[in-house]
Amino acid sequence: MSTGLQRVKIDPEWKSALEGEFLAPYMHELHSFLEGERLAGKVIYPPGPEMFNAFNTTPLSKVKVVILGQDPYHGERQSHGLCFSVRRGISPPPSLVNIYKEIQTDLGITPPRHGELTHWAEQGVLLLNSVLSVQAGLAASHQKRGWETFTDAVIRVLNEECEHLVFMLWGNYAHRKGRFIDVERHLVLKSAHPSPLAANRGGWFGCRHFSQANRYLEAHGVAPLDWSLPD
């Protein structure tokens, strides 16, 4: 990686698989944009060392399930590089509350009192946002700057280099990312987004993605996920 992004730690497996992306012109442009934002005094979330947290917590060879989000949270201290996850001490956002409700209905697991999903990531759940950075307080501010191209490449790598993954695609934005996935090779689960506006219209509650994922993994000789989260 020849740009300043070489200073950001990323798991060696992912670094090798995505080397061409880090050397591509769009990534140089993205790096320049981020540097310009910082020089202009804008606060960017998550902090630089955590921008690739999803990859560092879940190496390529360990991925079992992929959950695709859109943008990092833009509130103070919320985002730490795992989609839908917030740091301990921060109340779970509404979408995550609805995720917990569905897990409770699906698997009988009592919702935790926090919103940190690292336990899932360490087991093999790649918690991937489509865009990996955002300006503080300004939702969607880093869209169409190059991150979408990068995460498209991530999905292609997962599709081509892994077997029998479960992709959870929630909402239309995530559904569009599914065009890179071979449904003969992997399980693709689609539903409405768990945000209150979308979930209450139907299509989220009752999707039972979590039990479906575990059944699929077990059917292919892979240990199921523990979807509980220790307090």
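Student: Mind laying out the pattern of salt bridges, listing which residues take part and the relevant values?
Tutor: Summed over all chains, the structure comprises 9 salt bridges. Between Glu-35 and Arg-38 there is a salt bridge, with the nearest N and O atoms lying 3.1 Å from each other. With a gap of 3 residues between them, Glu-35 and Arg-38 both fall in helix 3 (residues 25–39), about one helical turn apart. Here Glu-35 falls in the partly exposed class, since its relative accessible area comes to 26%. Salt bridges sharing common partners tie together Asp-152, Lys-177 and Arg-179.

Student: Tell me about the environment of Phe-180, and please be specific about residues and values.
Tutor: Relative to the elements of secondary structure, Phe-180 occurs in the loop between helix 8 (172–177) and strand 6 (187–191). Along the primary structure Phe-180 and Arg-156 are separated by 24 residues, whereas in three dimensions their C-alpha atoms are 6.0 Å apart. Setting aside chain neighbours within four positions, we find Phe-180 in contact with Asp-152, Ile-155, Arg-156 and Asn-159.

Student: Please provide a residue-by-residue account of the packing of aromatic side chains, values included.
Tutor: Overall, the coordinates contain 14 aromatic pairs when judged by the stated rule. Between Phe-52 and Phe-55 the ring centres are 6.0 Å apart and the planes differ by 50°, which places this aromatic pair in the tilted class. With respect to class, Phe-52 is no different from Phe-55; both count as buried. Of the aromatic side chains, those joined through ring pairs into one cluster are Trp-14, Phe-22, Phe-52, Phe-55, Trp-147 and Phe-150.

Student: Explain helix 5 (residues 94–107) residue by residue, including any values.
Tutor: If you check helix 5, its first and last C-alpha atoms are 20 Å apart, about what 14 residues at 1.5 Å a residue would give, namely 20 Å. Of all the positions in helix 5, only Ser-95, Leu-96, Asn-98, Ile-99, Tyr-100, Glu-102, Ile-103 and Asp-106 are classed as buried. Each element contacted by the buried residues of helix 5 is listed here: helix 6 (118–123), strand 5 (166–170), helix 9 (196–199) and helix 10 (209–219). Two residues or fewer after helix 5 comes Gly-108, characterised by a positive phi angle close to 75°.

Student: Describe unusual backbone geometry, and please don't skip the residues or the numbers.
Tutor: Note that the residue after Tyr-45, namely Pro-46, is joined by a cis bond; omega there is -10°. Its location among the elements puts Pro-46 in the loop between strand 1 (44–45) and helix 4 (53–57). Even without being glycine, Ala-140 reaches a positive phi, approximately 65°. As for its position among the elements, Ala-140 is in the loop between strand 4 (134–135) and helix 7 (147–161). Assessed through its relative accessible area of 33%, Ala-140 is described here as partly exposed. For Arg-208, which is not a glycine, the phi torsion comes out positive at approximately 55°. Residue placement: Arg-208 occurs in the loop between helix 9 and helix 10.

Student: Hey, could you go over the sheet that holds strand 6 for me, with residue numbers and the actual values?
Tutor: A sheet is described by the order of its strands in space; here 4 strands give the open sequence 3-2-5-6, paired in parallel fashion. Since the sheet does not close on itself, it has two edges, and those belong to strand 3 (125–129) and strand 6, each with one partner. Taken over all neighbouring pairs, the strand axes of this sheet differ in orientation by 20° on average, direction set aside. Pairing between strand 2 (residues 65–69) and strand 3: 5 bridges, direction parallel.

What counts and what doesn't
- Residues numbered from 1 in each chain as written.
- Predicted model: local features only at pLDDT ≥ 70, side-chain atom pairs only at ≥ 80, totals over all residues.
- Heavy atoms only, no water.
- Salt bridge = Lys/Arg side-chain N within 4 Å of Asp/Glu carboxyl O.
- Helix = DSSP H or I, 4+ residues; strand = E, 2+ residues; numbered from the N terminus.
- Buried < 20%, exposed > 50% of the residue type's maximum accessible area, 1.4 Å probe, protein only.
- Contact = heavy atoms within 4.5 Å.
- Phe/Tyr/Trp six-rings, centres within 6.5 Å; stacked < 30°, edge-to-face > 60°.
- Expected span 1.5 Å × (residues − 1).
- Pairing = 2+ DSSP bridges.
- Axes fitted to C-alpha atoms, helices over the stretch in contact; angles between N-to-C directions.

None of this, on its own, says anything about what the molecule does.
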